[in-house]
Amino acid sequence: MNRKGKPALAATLVLLLVLAGACGTRQPDVTLIPAKDLPGSILVVPVTIAQDPQGTRDETTRQELEKGREVLAELVAEFLTDRPHLRFATTAQLTEVIPDYSGDPQAVASAAGRLGTDAALVITLHRYQERQGGPYAVAAPASAAFEFRLIASADLQVLCSGRFDETQKALSENVLDFFTAARRKFRWLTVEELLRDGLRTKLETCPALQEPGPAQR
């Protein structure tokens, strides 16, 4: 390569790294709240599956989502364990307070207040599709989507919220995701691994889930 070509190549590489870095550090879709407004206690409710009002889901999709709900619930418990200001509720406990319990976020938040907590963490699963193939070659990649909302019991204000929605792509399809691909060791993830990565990324950005606020009960 001649001397004139080297600066141009170097500039191109620098530009790619800057763009990749910007992409890797983009702001999450989460609402942050002042430390003084952090809830002191949080009710973590069972993971729910997004509703299908049109009835368009086939049996395979329903089975995938049921399995995904179990996996996501296990991951939530894993990530949020050993945090004394968090309290995990069962469906039976919520049904005692809400006889027609259906997972409605605002109803759950109100119930959280009656159960003695300041807010409710509601997580809804939208998609759960396993990869078809192995870690280095796939016919179809893993795909998952979920959203979470932390809702205050007193006034139903959304304190934190976020959404993860990804169908994994090859690095060649989106070079700006270089750092994400590197963190994943340039592998095709299983859908559980994809969910784990997304859940960690999202929940870590919600300060109320990390430590209790001044209003701890």
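In short, a report on the structure. Note that the structure is predicted; figures quoted are calculated from it, not measured.

**As for the packing of helix α2 (residues 59–80) against helix α6 (residues 191–203)**
For any two helices packed against each other, the geometry comes down to the angle between their axes and how far apart the axes lie. For the pair α2 and α6, interaxial distance at closest approach is 10 Å and the crossing angle is 40 degrees. Relative to α6, the element α2 is oriented oblique. Relative to α6, α2 is oriented so that their crossing is right-handed. Listed contacts from α6 to Val71, Leu72, Leu75, Val76, Glu78, Phe79 and Leu80 of α2 are Glu192, Leu195, Arg196, Leu199, Arg200 and Leu203. Its residues assigned to classes, the contact of α2 with α6 shows nine nonpolar, no polar and four charged.

**Overview of unusual backbone geometry**
Phi at Asp82 takes a positive value of approximately 60 degrees, unusual for a residue other than glycine. Take Asp82: it is sitting in the loop between α2 and β3 (86–88). A positive phi angle, near 55 degrees, is found at Phe186, a position not held by glycine. Relative to the elements of secondary structure, Phe186 occurs in the loop between α5 (178–183) and α6.

**Observations regarding α6**
End to end, α6 covers 18 Å across 13 residues, agreeing with the expected 18 Å (1.5 Å per residue, within 8%). When α6 is considered as a whole, its buried residues turn out to be Val191, Leu194, Leu195, Asp197, Gly198, Leu199, Lys202 and Leu203. The inward-facing, buried residues of α6 abut α2, β4 (119–129), β7 (143–152), β8 (158–167) and α5.

**Some points on helix α4 (residues 105–114)**
Listed in full, the buried residues belonging to α4 are Pro105, Val108, Ala109, Ala111 and Ala112. Burial along α4 is one-sided: seen end-on, the buried residues are contained in an arc of 160 degrees. Each element contacted by the buried residues of α4 is listed here: β1 (42–44), α3 (91–97), β4 and β7. Directly beyond the C-terminal end of α4, a positive phi value near 90 degrees is found at Gly116.

**A look at the pattern of salt bridges**
As enumerated under the stated definition, the model contains twelve salt bridges in all. A salt bridge links Glu193 to Arg187; its shortest N-O distance comes to 3.7 Å. Looking at Arg187, the relative accessible area reads 23%, which means it is partly exposed. Several salt bridges converge on common partners, so that one network encompasses Glu166, Arg183, Arg184, Asp197, Arg200 and Glu204.

**A word on the state of the cysteines**
Enumeration over the complete set of coordinates arrives at one disulfide. The disulfide partner of Cys160 is Cys206, and the S-S distance across this bridge is 2.5 Å. The disulfide joining Cys160 to Cys206 has a torsion of about 100 degrees about its S-S bond and is therefore right-handed. Of the two residues, Cys160 sits in strand β8 while Cys206 sits in the segment after α6, which places them 46 residues apart along the sequence.

Rules used throughout
Each chain carries its own residue numbering, running from 1 in the direction its sequence is written. Note on the predicted model: pLDDT of at least 70 is required for a residue's local features to be given, and 80 or more for side-chain atom pairs to be given and counted; whole-chain, interface and lining totals, by contrast, use all residues. The side-chain numbers reported here are obtained from all heavy atoms of the structure, hydrogens and water having been left aside. Each axis is a line fitted through C-alpha atoms, taken for helices only over the stretch in contact, and angles between the N-to-C directions span 0 to 180 degrees. Numbering goes from the N terminus for both helices and strands, where a helix is a DSSP run of H or I of at least four residues and a strand is a run of E of at least two. Each angle gets one of four labels, with under 35 degrees taken as roughly parallel, over 145 as roughly antiparallel, 65 to 115 as roughly perpendicular, and the rest as oblique. Crossing handedness is defined as follows: a turn of the near helix away from the far one that is anticlockwise and smaller than a right angle gives a left-handed crossing, while the clockwise case is right-handed. Residues are treated as being in contact if the distance between any of their heavy atoms lies within 4.5 Å. Under the grouping applied here, Gly and all other residues not named as nonpolar or charged are polar, the nonpolar ones being Ala, Val, Leu, Ile, Met, Phe, Trp, Tyr, Cys and Pro and the charged ones Asp, Glu, Lys and Arg. Each residue after the first adds 1.5 Å to the expected span of a helix. When a residue's accessible area, from a 1.4 Å probe over protein chains only, is under 20% of the maximum for its type it is buried; when over 50% it is exposed; and in between it is partly exposed. The arc in question is traced by the directions running from the helix axis to the C-beta atoms. Here, a salt bridge means any Lys or Arg side-chain nitrogen found within 4 Å of an Asp or Glu carboxyl oxygen. Cysteine sulfur atoms that pair up within 2.5 Å are treated as a disulfide.

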